[in-house]
Amino acid sequence: MSTIGSGRATGTTAPESDSGAHGTLEPAPGSAISRFLSDGWVTTWRNLMKIIRVPEILLFTMIQPIMFVLLFTYVFGAAIDIPGDGYTSFLMAGIFAQTVVFGSTYSGSAMAQDLKDGIIDRFRTLPMSGAAVLVGRTNGDLAINALSMIVMMITGWIVGWRVNSSLPEFLAGVALLLLFAYAFSWVMAYLGMAVKSPEIINNASFLILFPITFISNAFVPSERLPEPLRVFAEWNPVSALVQSARELFGNVPPGTPVGDAWPAQNPIATVLIGVVVLLLVFVPLSIRKFATLSR
Amino acid sequence: MPFLEASELVKTYTPKGAPVVRALDGLSLEVPQGTVTALLGPNGAGKTTTVKVLTTLIRPDSGSATIDGVDVLADPDRVRRMIGASGQYAAVDENLTGFENLMMVGRLYHLGSRVARQRATELIELFDLAEAQNRPVKGYSGGMRRRIDLAGALVIRPPVLFLDEPTTGLDPRSRLGLWEIIESLVSDGTTVLLTTQYLEEADRLADSISVIDEGRVIAKGTADELKASVGGQRVALTVVDEADGDAVRGILARHGTGEPVVTGGRTWVVPVADGPAALASVVAAASAEGVALHDAGMRRPTLDDVFLQLTGHVAEESDETTGSAA
């Protein structure tokens, strides 16, 4: 790089003007890992600032789960009979799962939007890690999801939801929900880069998310569903997530029959396997996609 | 050896259900150190694709490129440590303030936060954005966005700067302001590759102009060389009534040494051998035929004329007017 430095020595004119006078700035010393972590932090910071500066994001993130808790509790709660602690206890794990999965779609629309705005082009001309951009983006979803989990828990508590398990189990349940959503953020980030249109990816996400969250055990026990839907629900990873959370929060209604499908029998293992598979497929796929991405 | 060199770049795209587009069709380019080269051409000529290849955003199908001896295709990371790029779409984060945007770029160049902060402060000063520096960019005017975007490209004081249509879509005043900034950078010895569809911009800023069309360089030289290559003087007549176009065309064809062409609907231009004599005779002929003239004069060839001569079509949006008048 010394040739560049010496080349810059021509800047003798315009003393108070800038640019050439002091030569090209060199990067501070640092290892590849520390640079990756720094890039990941800077892009995460950027996404957190977006949450702070665009109040609508926070507002909708908070209002939607509150609305769902109240709607389901008071509208369906009256009609759906669940033994034990009743519908609210049964419902909360379903609302948690649905909300965090929905929350993970921000990565899809945000990647498409950044691409459209040309910010991805700017990032890609910088000597930074492309993977860090994706890490920062998915971390942004994680932050939104963590916030909405807190809001939902408080709301749930007010309407009568209680955790009937130990603290470690409760924390494990929260971690599992956030982990699954985090892995799903990588899927959405990839789709956002592949589709390239924020509008299309937004609409398309709803077409995927409504069926996979509603044809599950999130809002009604799946054994009450008609046969084809019941089979779908039993194999649906969202059902496994909901079932795991219900078990870890101690909200499984007494005497609930468990489906025969392997995921229904082993919900926590299913979620963990799902997380690993999603990450193993979509992290490399997304990083490769990013490396050739341009407006 | 030129500081920046591109050789035989080819890039094709295959849009769905359409024939293959050759965005770059063997484009070659040389930019000596400390000079400004403009890529001049209409939309779709391959200007932006060229910049994208040189800034490591896309890989060409074939061809090679080096910047200060570093192979752009083999060593993109090293190239990214020596370039700054600013595009026609200000690539800034709307939700961050101007200062935060520059800080972010500095951090992503791994300058360390003290240096990044110091540099952001300098650039805010240089680009006259001190008042707006702590406001989110979404409230900025178009000209301010371009300035903060250009500032972002200058964070490491890169030896090479790519400006892709830096003033497209700006109002004349903001354009002039940006030109002054670019001129001051150039006086400091930065090597610049600039793309533009504005002939005036190339004329004002560039040491050397490469005219490109359909993915190839079709002519290059200084603005004066290019104008001289078209040669001679022109007579231009502007008619009051567009309906007189055919009459004027006939008059100019009789007195000129080439084919008359129309620009802007009512102004007809033809190359002539002897300017003053030709001007006198065409004005007399127009008067004899009862054609009302709004303006008549001699002029040196402009880059518009160069472009027209080389490509057979007018640069920018006046395409339609030529079509309808022809």
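Bear in mind the structure is a predicted one, so any value in this text is a computation, not a measurement.

Moving on, we get to the interface of chain A and chain B. With 43 residues of chain A at the interface, the matching set in chain B holds 53 residues. Buried surface at the junction of chain A and chain B, summed over both partners, amounts to about 4300 Å²; 55% is from carbon and sulfur atoms. Three residues, Leu25, Arg122 and Pro127 of chain A, lead the burial of chain A against chain B; their summed loss comes to 17% of the area buried on that side. There are 3 salt bridges connecting chain A and chain B. With a closest N to O distance of 2.4 Å, Arg46 of chain A and Asp93 of chain B form a salt bridge. Listing elements by their share of the side of chain A that touches chain B, those giving two or more residues are helix H1 (2-7), helix H2 (32-53) and helix H6 (119-124) of chain A.

Sheets are built from strands paired through backbone hydrogen bonds, the pairs being either parallel or antiparallel. All names here are of chain B. The antiparallel open sheet is built from 4 strands, whose spatial order is E2-E1-E4-E5. Single-partner strands in this sheet number two, and they are strand E2 (21-31) and strand E5 (70-71). Two elements, strand E1 (residues 4-13) and strand E4 (residues 62-67), share 5 bridges in a ladder whose sense is antiparallel. Within the sheet, the bridge partner assigned to Ala6 lies in E4 and is Ala65. Sheet contacts for helix H1 (residues 47-54): E1, E2 and E4; angle to E2, the most-contacted strand, approximately 65°.

Time to look at the confidence of the model for chain B. On average, residues of chain B carry a pLDDT of 86, and 95% of them reach 70 or more. By mean pLDDT, helix H12 (residues 319-325) of chain B is the weakest element of chain B at 31, and helix H3 (residues 98-108) of chain B is the strongest at 97.

Another point: the pairing of strand E10 (residues 216-221) of chain B. Residues and elements named next belong to chain B. One ladder, built from 5 bridges, connects strand E9 (residues 208-213) with E10; its direction is antiparallel. Across the sheet, the residue bridging to Val211 is Ala219, located in E10. Between E9 and E10, which pair antiparallel and follow one another directly, the connecting turn spans 2 residues, one of which, Glu214, has a positive phi of 50°.

Definitions and cut-offs
Residues numbered from 1 in each chain as written. Chains lettered and ligands numbered in written order. Predicted model: local features only at pLDDT ≥ 70, side-chain atom pairs only at ≥ 80, totals over all residues. Heavy atoms only, no water. Contact = heavy atoms within 4.5 Å. Buried area = accessible area lost by both parts, 1.4 Å probe. Salt bridge = Lys/Arg side-chain N within 4 Å of Asp/Glu carboxyl O. Helix = DSSP H or I, 4+ residues; strand = E, 2+ residues; numbered from the N terminus. Pairing = 2+ DSSP bridges. Axes fitted to C-alpha atoms, helices over the stretch in contact; angles between N-to-C directions. pLDDT = per-residue confidence, 0-100.

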